[in-house]
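Next come the chains, spelled out residue by residue.
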Amino acid sequence: MNPLRSRATRVSSRKGIASAPAPLDARAPDASPGDYADFLRLTLPRQRKSVESHRLGSERVWLKKAGPRHGKLRYHLLAAIAGLLRLDVLKPVPNPGGEAAIAIEARRLRELGATGLRVPAVLAQQPEGLLIADLGDSGRPTAMLQDRLDQAFGTGPSALLAVWREGLDAIAAVHARGTYLSQAFARNLMVCPDGVIGYIDFEDDPGATLGLAECQARDWLTYLHATGALVDAAAPHGAGAQWHAVLADASDDVRERIAIAARRMRWLRHLPASRRWGRDTQRVRAVALLLGLWHAR
């Protein structure tokens, strides 16, 4: 029995229905294909979920609806942790929710799209909702990089590292354009039908509270947080070589901030390894272990 395959099965089993795309809405209103503003106006009041996919003519589109404003308690807790570690890159970036989040996402999608990055096009916008294009092509869907990582984990270390490197390169491509992501989790990196990785989920803007170097270092640490448990279990040394190869093109400021994070997070290696303490504990522990291994000095 392949232990990696067994672990991958457990990882996949923990994923909820939110990982799958929402079904296409069979009750789409009578709007002409290409009339995005009218479609958004007609559909927005009827949509109950915060995000749903719809069919408009031959197109698949996504409607994001303004939700309630997010509570602040969890941000205070994260801020306390960042303060304890003295790490600006871990400072929480509040998601304001509501109309503010819609406005932020629309702005960031337009900004990133203008740099040539693969992000959903903004088709129509209202204060309470946003209609964006699907990243698929001619009926061919996208795939979350997280799903590909889970599958590759069951195949073996080489397959996992190949997919993991795709994510590293996708983040590096963003930084090479002098910008940053919002939540650089593997679930927000979408592999398009042509193999290019696109980016989704921009309801908050780290640049509103952090400098560019902090935002970019935060991208790297966020991706590692999402993928570190898989990497640590399968190929920590091989992943380290790829990590340093990609970070070689990062700015000195970004590399310095990551090295500082590695030093200050080192004690988190001693967090309990048992799954009973929850996935977040396991993920933080994996990040500390990997950074300690890759930036030991």
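Everything that follows concerns the structure shown earlier in this document.
Residues numbered from 1 in each chain as written. Predicted model: local features only at pLDDT ≥ 70, side-chain atom pairs only at ≥ 80, totals over all residues. Heavy atoms only, no water.

Some details on the pattern of salt bridges
Counting across every chain of the model gives 11 salt bridges. The residue D205 makes a salt bridge to R107 at a minimum N-O spacing of 3.0 Å. In this pair, D205 sits in the loop between β7 (197–199) and α7 (212–234) while R107 sits in helix α4 (residues 98–114), placing the two residues 98 residues apart along the sequence. Given the relative accessible area of 10%, D205 is considered buried. Residue R107 is classed as partly exposed on the basis of its relative accessible area, which comes to 33%. As a salt-bridge pair, E214 and R257 come within 2.7 Å of each other at their nearest N and O atoms. With a gap of 43 residues between them, E214 in helix α7 and R257 in helix α9 (residues 252–264) connect regions that are remote in the sequence. (Salt bridge = Lys/Arg side-chain N within 4 Å of Asp/Glu carboxyl O. Helix = DSSP H or I, 4+ residues; strand = E, 2+ residues; numbered from the N terminus. Buried < 20%, exposed > 50% of the residue type's maximum accessible area, 1.4 Å probe, protein only.)

Some remarks on the sheet that holds strand β4 (residues 129–133)
Ordered by their spatial adjacency, 4 strands build an open sheet running β1-β2-β4-β3, and the pairing between neighbours is antiparallel. If you trace the sheet from one side to the other, it starts and ends with β1 (51–56) and β3 (122–126), each paired once. Pairwise comparison of adjacent strand axes, ignoring direction, gives a mean angle of 20 degrees for this sheet. On the sheet, helix α2 (residues 36–43) packs against β1, β2 (59–65), β3 and β4 and is oriented at approximately 45 degrees with respect to β3. Against the sheet, α4 makes contact with β2, β3 and β4, and its axis sits at roughly 155 degrees relative to β3, the strand it touches most. (Pairing = 2+ DSSP bridges. Axes fitted to C-alpha atoms, helices over the stretch in contact; angles between N-to-C directions. Contact = heavy atoms within 4.5 Å.)

Notes on the nonpolar core
Considering soluble globular proteins, one finds that nonpolar side chains tend to be buried as a cluster. In terms of nonpolar packing, the biggest core is built from 58 residues, with L149, W164, Y199, W220, Y223, W243 and L291 touching the most fellow members. No other element matches α7, which puts 9 residues into this core. If we skip the residues at most four places from it in the chain, W164 touches L149, Y223, L224, T227, V231, A239, Q242, W243 and W294. By size, the runner-up hydrophobic cluster in this structure holds 8 residues, among which are L40, L56, L63 and L131. (Core = buried A, V, L, I, M, F, W, Y, C linked by side-chain atoms within 4.5 Å.)

Quick look at the sheet that holds strand β6 (residues 189–191)
With antiparallel pairing, 3 strands are arranged side by side in an open sheet as β5-β6-β7. Where the open sheet ends on each side, the last strands, each with one partner, are β5 (143–144) and β7. For β5 and β6, the ladder comprises 2 bridges, and the chain directions are antiparallel. Paired with A143 across the two strands is V191, which belongs to β6.

Thoughts on the environment of A101
The residue A101 is located in helix α4 in this model. For A101 and E128, which are 27 residues apart along the polypeptide, the C-alpha to C-alpha distance reads 9.5 Å. In contact with A101, other than residues within four places in its own chain, are N95, P96 and E203.

A word on unusual backbone geometry
A positive phi is found at D201, a non-glycine position, where the angle reads about 75 degrees. Relative to the assigned elements, D201 resides in the loop between β7 and α7. Exposure remark for D201: the relative accessible area of 18% places this residue in the buried category.

Structural notes on the side chain of D204
Tracing the backbone shows D204 in the loop between β7 and α7. Reaching out from D204, the side chain makes a polar contact with the side chain of S182 at a distance of 2.2 Å. For D204, the side chain forms a polar contact with the side chain of Q183, separated by 3.2 Å. When near neighbours in sequence (up to four residues on either side) are disregarded, D204 contacts V93, P94, N95, I104, R108, S182 and Q183. (Polar contact = N/O pair within 3.5 Å; in protein donor to acceptor, adjacent residues only side chain to side chain.)

Overview of α7
Counted at 1.5 Å a residue, the expected span for α7 with its 23 residues is 33 Å, and the 32 Å between its end C-alpha atoms agrees. Most of α7 sits out of view: 18 of its 23 residues are buried. (Expected span 1.5 Å × (residues − 1).)

Brief notes about the pairing of β4
Burial within β4 is extensive, with 5 of its 5 residues counted as buried. Looking at chain direction, β2 and β4 are connected through 5 bridges and run antiparallel. Paired with L63 across the strands is L131, a residue of β4. Pairing of β3 with β4 involves 4 bridges; the strand directions are antiparallel. Residue pairing for β4: Q126 is matched across the bridge by G129. Two successive antiparallel strands, β3 and β4, enclose a turn made up of 2 residues.

So, the packing of helix α6 (residues 157–176) against helix α8 (residues 236–247)
For the pair α6 and α8, interaxial distance at closest approach is 10 Å and the crossing angle is 20 degrees. In terms of their interaxial angle, α6 and α8 are classed as roughly parallel. In terms of crossing hand, the pair formed by α6 and α8 is right-handed. On α8, the residues that touch L161, W164, R165, L168, D169 and A172 of α6 are G238, A239, Q242, W243, A245 and V246. Partitioning the contact of α6 with α8 into residue classes produces 8 nonpolar, 2 polar and 2 charged. (Parallel < 35°, antiparallel > 145°, perpendicular 65-115°, else oblique. Left-handed = near helix turned anticlockwise from the far one by under 90°. Nonpolar A, V, L, I, M, F, W, Y, C, P; charged D, E, K, R; others polar.)

So, to be careful, I would describe these as geometric facts and stop short of saying anything about function.
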